[in-house]
Amino acid sequence: AQSVTQLDSQVPVFEEAPVELRCNYSSSVSVYLFWYVQYPNQGLQLLLKYLSGSTLVESINGFEAEFNKSQTSFHLRKPSVHISDTAEYFCAVSDQDFGNEKLTFGTGTRLTIIP
Amino acid sequence: GAGVSQSPSNKVTEKGKDVELRCDPISGHTALYWYRQSLGQGLEFLIYFQGNSAPDKSGLPSDRFSAERTGGSVSTLTIQRTQQEDSAVYLCASSLGQGKQPQHFGDGTRLSIL
């Protein structure tokens, strides 16, 4: 069984300040790791993913996350946030099982950017 | 369209009625997933399809819930004798199903049981 913990349910940040959204996971098998973003009244959009290789992964809009196997973490960071980053962010894992890639999600972190 | 399409976007029904939720995956995506998003439970996996078969139904909360997929494309999630606790947003996602492929989500169906 897998589980994902997002300790911060809400994170307020001033515009242009840095932010870190924390994600820790627990699994008895190797996993793939994802961050999804959900804007109001919309579905989930993939922000970035770790499958293998470099432990640092980046998105096109300035977010990055680093896979740390020893700490079982996959924290999301951005050096300078913008108003448009206001959304809910979900960390998720799936088994490295070819085929069934069902996702186990954390409870989400609501990021609010303060002008 | 290019993305996952779900209908209806909103559904309000009375307790005890049956409802059907539809998902049109991205063309060519063989894997299809249903999830439920509710205030109390967060995002939960319901069922996984590979083609027309469902090798993993472990997330369906009760026998009132069922789903099918035809032609390796459209999927329908059916909830019979709806209860108030079924109120949630039901999300569908699809992927190429070849391992390491991310899932693409629809905008969901918001189901409200009166």
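Each remark here, short or long, concerns the structure printed above.
A brief report on the enclosed structure follows.

How each quantity is defined
Residues numbered from 1 in each chain as written. Chains lettered and ligands numbered in written order. Predicted model: local features only at pLDDT ≥ 70, side-chain atom pairs only at ≥ 80, totals over all residues. Heavy atoms only, no water. Helix = DSSP H or I, 4+ residues; strand = E, 2+ residues; numbered from the N terminus. Contact = heavy atoms within 4.5 Å. Polar contact = N/O pair within 3.5 Å; in protein donor to acceptor, adjacent residues only side chain to side chain. Core = buried A, V, L, I, M, F, W, Y, C linked by side-chain atoms within 4.5 Å. Buried < 20%, exposed > 50% of the residue type's maximum accessible area, 1.4 Å probe, protein only. Disulfide = S-S within 2.5 Å. Phe/Tyr/Trp six-rings, centres within 6.5 Å; stacked < 30°, edge-to-face > 60°. Pairing = 2+ DSSP bridges. Axes fitted to C-alpha atoms, helices over the stretch in contact; angles between N-to-C directions.

### Describing the environment of Asp56 of chain B
Logical step 1: With respect to the secondary-structure elements, Asp56 of chain B resides in strand 6 (residues 53–56).
Logical step 2: Ignoring sequence-local partners within four residues, the contact set of Asp56 of chain B consists of Asn100 and Lys102 of chain A together with Phe45, Ile47 and Tyr48 of chain B.
Logical step 3: Among the polar contacts made by the side chain of Asp56 of chain B, one reaches the side chain of Lys102 of chain A at a distance of 2.9 Å.

### Brief notes about the nonpolar core
Residues and elements named next belong to chain A.
Logical step 1: Grouped together as the largest cluster of nonpolar side chains are 27 residues, with contacts concentrated most on Leu33, Trp35, Leu48, Phe74, Leu76 and Tyr89.
Logical step 2: Those elements giving two or more residues to this core turn out to be strand 2 (10–14), strand 3 (19–21), strand 5 (31–38), strand 6 (44–50), strand 8 (64–68), strand 9 (73–78), strand 10 (87–95) and strand 12 (109–114).
Logical step 3: With residues near it in sequence (within four places) discarded, Leu33 still touches Tyr25, Leu48, Lys49, Tyr50, Phe67, Phe74, Ala92 and Val93.

### Here's the deal with the state of the cysteines
Logical step 1: For the structure on display, the rule yields 2 disulfides over all chains.
Logical step 2: The disulfide that involves Cys23 of chain A links it to Cys91 of chain A, with 1.9 Å between the sulfurs. Between Cys23 of chain A and Cys91 of chain A the disulfide shows an S-S torsion of about -65 degrees. By sign, it is left-handed. Separated by 68 residues along the polypeptide, Cys23 of chain A in the loop between strand 3 and strand 4 (24–26) and Cys91 of chain A in strand 10 bring together distant segments of the chain.
Logical step 3: A residue is classified by how much of its surface remains accessible, and Cys91 of chain A, at 0% relative accessible area, is buried.
Logical step 4: Disulfide pairing places Cys23 of chain B opposite Cys92 of chain B at an S-S distance of 1.9 Å. Judged by the sign of its S-S torsion, about -65 degrees, the bond between Cys23 of chain B and Cys92 of chain B is left-handed. Taken as a pair, Cys23 of chain B in strand 3 (residues 19–24) and Cys92 of chain B in strand 9 (residues 88–95) lie far apart in primary sequence, 69 residues in all. The pair formed by Cys23 of chain B and Cys92 of chain B is uniform in burial state, with each residue classed as buried.

### Quick look at the packing of aromatic side chains
Logical step 1: If you walk through the whole model with that rule in mind, you get 13 aromatic pairs over all chains.
Logical step 2: Aromatic pair Phe105 of chain A and Phe105 of chain B: ring centres 6.3 Å apart, planes at 70 degrees, arrangement edge-to-face. Taken together, the residues span two chains, with Phe105 of chain A in strand 11 (residues 104–105) and Phe105 of chain B in strand 10 (residues 104–105). Here the two residues Phe105 of chain A and Phe105 of chain B agree in accessibility, since each one is buried.
Logical step 3: Members of the aromatic cluster, joined through ring pairs, are Phe34, Tyr36, Phe90 and Phe105 of chain A together with Tyr33, Tyr35, Phe45, Tyr48 and Phe105 of chain B.

### Re the sheet that holds strand 3 of chain B
Residues and elements named next belong to chain B.
Logical step 1: Spatially, 1-3-8-7 is the arrangement adopted by the 4 strands of the open sheet, whose pairing is antiparallel. Only two strands of the sheet have a single neighbouring strand rather than two, namely strand 1 (5–7) and strand 7 (65–69). Averaged over all pairs of adjacent strands, the angle between strand axes in this sheet comes to 15 degrees, irrespective of strand direction.
Logical step 2: Bridge count between strand 3 and strand 8 (residues 75–79): 5 bridges; the pairing is antiparallel. The residue bridging Glu20 from the neighbouring strand is Thr78, located in strand 8.

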